[in-house]
Amino acid sequence: MALLKVKFNQKKRVKLAQGLWLMNWFSVFAGIIVFSMGLFLKIELRKRSEVMDNAESHFVPNSLILMGILSCAFNGFAGKICYDSLDPTKFAKWKPFLKPYLALCFLFNILLFLVALLCFLMRGSLENTLAHGLKNSMKFYRDTDTPGRCFMKKTIDMLQIEFKCCGNNGFRDWFEIQWISNRYLDFSSKEVKDRIKSNVDGRYLVDGVPFSCCNPSSPRPCIQYQITNNTAHYSYDYQTEELNLWSRGCREALLHYYASMMSSMGAIVLLVWLFEMSVMVGLRLLHTSLESVTNPEDPECESEGWILENSLKDTFKSTLESLKKIGKFNQVEAGAEGAEGEEGGKTPAIATVS
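Residues numbered from 1 in each chain as written. Predicted model: local features only at pLDDT ≥ 70, side-chain atom pairs only at ≥ 80, totals over all residues. Heavy atoms only, no water.

**Student:** It is not clear to me how the overall build of the protein chain should be interpreted in this structure. Could you clarify?
**Tutor:** Each helix and strand in the protein chain was counted, giving nine helices and two strands. For the protein chain, the sequential pattern of α-helices and β-strands runs β-α-α-α-α-α-α-α-α-β-α. Looking at the protein chain as a whole, 39% of its 354 residues are labelled buried. Taking all contacts inside the protein chain whose residues are at least 6 apart in sequence as the whole, residues at least 24 apart take part in 73%. Only carbon and sulfur atoms are counted for the fraction: they give 61% of the accessible area of the protein chain, which is about 21200 Å². (Helix = DSSP H or I, 4+ residues; strand = E, 2+ residues; numbered from the N terminus. Buried < 20%, exposed > 50% of the residue type's maximum accessible area, 1.4 Å probe, protein only. Contact = heavy atoms within 4.5 Å. Areas by Shrake-Rupley, 256 points an atom, 1.4 Å probe, with all protein chains shown as cover.)

**Student:** So what exactly am I meant to see when it comes to the UniProt feature "transmembrane region" (unreviewed entry) in the protein chain here?
**Tutor:** The residues that UniProt annotates with the feature "transmembrane region" (unreviewed entry) are residues 20-41, 101-121 and 255-275. Secondary structure over residues 255-275 splits into 100% helix and 0% strand, and the C-alpha atoms at its two ends are 30 Å apart. (UniProt positions renumbered as here; feature names shortened; annotations may be inferred.)

**Student:** Help me out: how do you make sense of the nonpolar core in this one?
**Tutor:** Leu41, Leu64 and Leu254 are the most contacted members of the largest nonpolar core, which has 51 residues in total. At the level of secondary structure, the elements contributing two or more residues to this core comprise helix H1 (10-47), helix H2 (59-84), helix H4 (95-121), helix H5 (123-139), helix H6 (152-163) and helix H8 (250-291). Those residues within four positions of leucine 254 in sequence are excluded, and the remaining contacts are Arg48, Val51, Leu130, Leu134, Leu159 and Phe163. The next biggest cluster of nonpolar side chains, apart from the first, holds 26 residues, and it includes Ile156, Leu243, Leu245 and Trp246. (Core = buried A, V, L, I, M, F, W, Y, C linked by side-chain atoms within 4.5 Å.)

What follows is the structure, encoded as structure tokens:
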């Protein structure tokens, strides 16, 4: 028994073809949207590539761009088929290509669904990329005179101001690195010498943060140096008082920004996938309803359209049997080639007469 069998007359076939033609052009527009989303995400990731560890995070935008291009190509081609199906003479030339095309559409929809899932599942990979990238970038904050790194201070300052964050996981991350360049340290000062000597690696570490960590909404002037020293500031207790610094780390802020963006994109791609699936089902019904026309000379005659010629269970069994036959055929061919090789390897015995 065929799956989802529907009876069609001439009027219904025309309406189906016209509706599918319109839906395919909507799908082309949807493909442009998917392509644009991938391009936008790629640009946003490129903007902050200096604070990312590797280029793995670009897999999602690249996939969206590819799916957008394929969607435009597939649906543009399907629109032409639907338009030509209104004329039996024009539709005849597309008949040999329809089955392979529908198989490609099925694979395309599987890939589109996987890309939608990737948009939701890339959070973990992006979190690791940001954690390592930000940690390494903060180490280069002081290298304002080093070629290739002189822009890092501005990049991190603008990042902390824009996303209202401080450090990797929090403002205390700045206590563990030397973020002040040696160029601005007075090495004749006893305080500087003592701090450098007290550190195993000979770094100048302070309980301070860059100015970009300051929260301008705080009523108190920003305390960015000697943050943990209560006596250095009037009426101040760093353990109980709400500090006038951004409390959120930049990793969390960037992760939330990109994850929410990719989740929204994933939801849109899922909607596009559902629309593409409905178009593919409609195209299959149109294909089978036109193929099952009993009398091509009578355009008014009725026909039947279906998704699968047999039930889902029977189709699955026949597919497995076909795969088994292909496997057995390959084994027979391999065995025949081996036997020929053995026969060719035998050398005829030469009789000698003494």
